[in-house]
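# Per-entry structural report
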Amino acid sequence: MGIYKESPVELYKDSRFNIFSFLLITLISYLVMTVFPFAELRAILVYILIPIFFYITFVKKVNIDVFSLHLLFTFFLMICYKLLQYLFIEDPIDLMVYEISFLVIFIMLTFYALSDLAVVKIRNTYAKSLAFFIIYLLFFVSYQDWSLTRISGIFSNPNITAHTAVMVFPFAMLFLKKKSMLLLYFILLALLFATASRSSLLAVLCMSIAFIACKTRPFNNSCLIMLAVLCSLTLFSWHAADLISESAELVSKALDSHSRVFYTDDNGRDNLKEIAWQRFNNSPYFGVGSQLSKIKIGDEDFSVHNGYIELLLRYGLFGIIFLVTLFLQLFTAIMKQSNFYKTVSFVSLTGLLSLGTSSSIFFVLNYYFIWSFILILYCYRTSKHEQNDIAA
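Residues numbered from 1 in each chain as written. Predicted model: local features only at pLDDT ≥ 70, side-chain atom pairs only at ≥ 80, totals over all residues. Heavy atoms only, no water.

Opposite charge on two side chains lets them pair, provided their charged atoms get close. Applying the stated rule across the entire model yields four salt bridges. Asp65 serves as the salt-bridge partner of Lys384, at 2.7 Å between the closest nitrogen and oxygen. Highlighted residues: Lys384 in helix α13 (residues 368-391) and Asp65 in the loop between α2 (42-57) and α3 (66-89), separated in sequence by 319 residues. Lys384 sits in the partly exposed class, given a relative accessible area of 33%. Each of Lys82, Glu99, Glu310 and Arg314 takes part in one network of salt bridges that share partners. (Salt bridge = Lys/Arg side-chain N within 4 Å of Asp/Glu carboxyl O. Helix = DSSP H or I, 4+ residues; strand = E, 2+ residues; numbered from the N terminus. Buried < 20%, exposed > 50% of the residue type's maximum accessible area, 1.4 Å probe, protein only.)

This is how it looks when you write it as structure tokens:
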């Protein structure tokens, strides 16, 4: 049994390179890239790891249907657009190659997630449950001090640790039983308060609301209502700083707390966003490319700390059309899933879109977008096969 009674039990052996293995391997590689002095190897690790899974996929059956072809065609159009954009804005060729190669990575991930290789047939085992609890307890380990009110966590950065924990949680939903999942949820909340990551706490709040929406019938079967929920939670995340600023100040005074969770003063990100909007207005249609999407202050390059603004800067209004199409395709795949898989996928996408309002997480060298993308496709593929088995 899974976290829902409609989650089936399967008794066949897992693939060695299933989605659970993929999560563990990418977590370890991300830890190596972030904690140890191997930042220069980040691209190398990603561009070696994913093709290995893709290569092995070809020995298994890949399930390509109309939806899959549409998704692959969208990535193909995005690659063509990137080449066209290069002619207009003359972005450095190495950055153009990087962007295109990253899109190729997502094509590889599409094949992997839809193959039999990714399938986990024995979902609910003590080993998998124990693994998730160990992972989340390890998140609390800090190798360096950050501040009096925050721990850095195992990734040596409180936000990276918290964001990683948030995006791993939907995988736990896929494997854990209800009581175990609830316990892990409270451990996650404790971690987010310890790291004082407001964006992560906000994402978990949105994910919790998304979970409730998925459990509410008949609304969970309405594409329009669920899309409205997803868009509303994303907009709430975008404007949350303004909405909760006064409330946080009142709570902080009432609790006499100095936690960064309640810190509401300007931290410089508004200035970065203002500069980003100015650059976007100079080239709204084709964007400014990857190089100018980073804002140089002194000798350091800063991201905008907003994934949507960064996408507008990098791709422009024309490019955003393809990106919106991609997200709508993922949403369509979610709505075609059975209730169990729909909940896991919808919660994952909600968390991703919420984090995107305060972090640069789309098509960059971290695994947040990759994890959500591959989880949604995996749930789509598995749900479809289980529905076909039931019909047969």
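Ranked by internal contacts, the top residues of the largest apolar core, which has 118 residues, are Phe132, Tyr136, Phe362, Phe363 and Trp371. The residues contacting Trp371, other than those within four sequence positions of it, are Phe22, Leu23, Thr26, Leu27, Thr164, Met167, Val168 and Phe171. (Core = buried A, V, L, I, M, F, W, Y, C linked by side-chain atoms within 4.5 Å. Contact = heavy atoms within 4.5 Å.)

What follows covers α3. With 24 residues, α3 should cover 34 Å at 1.5 Å per step; its first-to-last C-alpha distance of 34 Å lies within 8% of that length. Burial in α3 covers these residues: Phe67, Ser68, Leu71, Leu72, Thr74, Phe75, Met78, Ile79, Tyr81, Lys82 and Gln85. The N-capping residue of α3, defined by a side-chain oxygen 3.3 Å from the backbone nitrogen of Phe67, is Asp65. (Expected span 1.5 Å × (residues − 1). Polar contact = N/O pair within 3.5 Å; in protein donor to acceptor, adjacent residues only side chain to side chain.)

A few words now on helix α6 (residues 158-175). Along an α-helix, a turn takes 3.6 residues, which lines up residues three or four apart on a common side. Taking 1.5 Å of rise per residue, 18 residues should cover 26 Å, and α6 covers 26 Å from first to last C-alpha, within 8% of that figure. Among the 18 residues in α6, 17 count as buried, and that is most of the element.

Turning to the environment of Leu77, a few remarks are in order. In this structure, Leu77 sits in helix α3. Relative accessible area serves as the criterion here: at 29%, Leu77 is assigned to the partly exposed category. Considering only alpha carbons, one finds Leu77 and Gly319, 242 residues apart in sequence, at a separation of 9.7 Å.

Quick look at unusual backbone geometry now. Trans is the prevailing form of peptide bonds, just as negative phi is the prevailing case for residues other than glycine. Note the cis peptide between Arg217 and Pro218, where omega equals 5°. Mapped onto the elements, Pro218 comes out in the loop between α8 (198-214) and α9 (223-255). The backbone of Ser156 sits at a positive phi, close to 60°, despite the residue not being glycine. You can see Ser156 is positioned in the loop between β2 (150-151) and α6. Take Ser156: its relative accessible area is 14%, and that puts it in the buried class. Positive phi is not limited to glycine here, since Ala196 has a value of about 55°. Mapped onto the elements of the fold, Ala196 is located in the loop between α7 (178-195) and α8. Residue classification places Ala196 among the buried residues on the basis of a relative accessible area of 0%.

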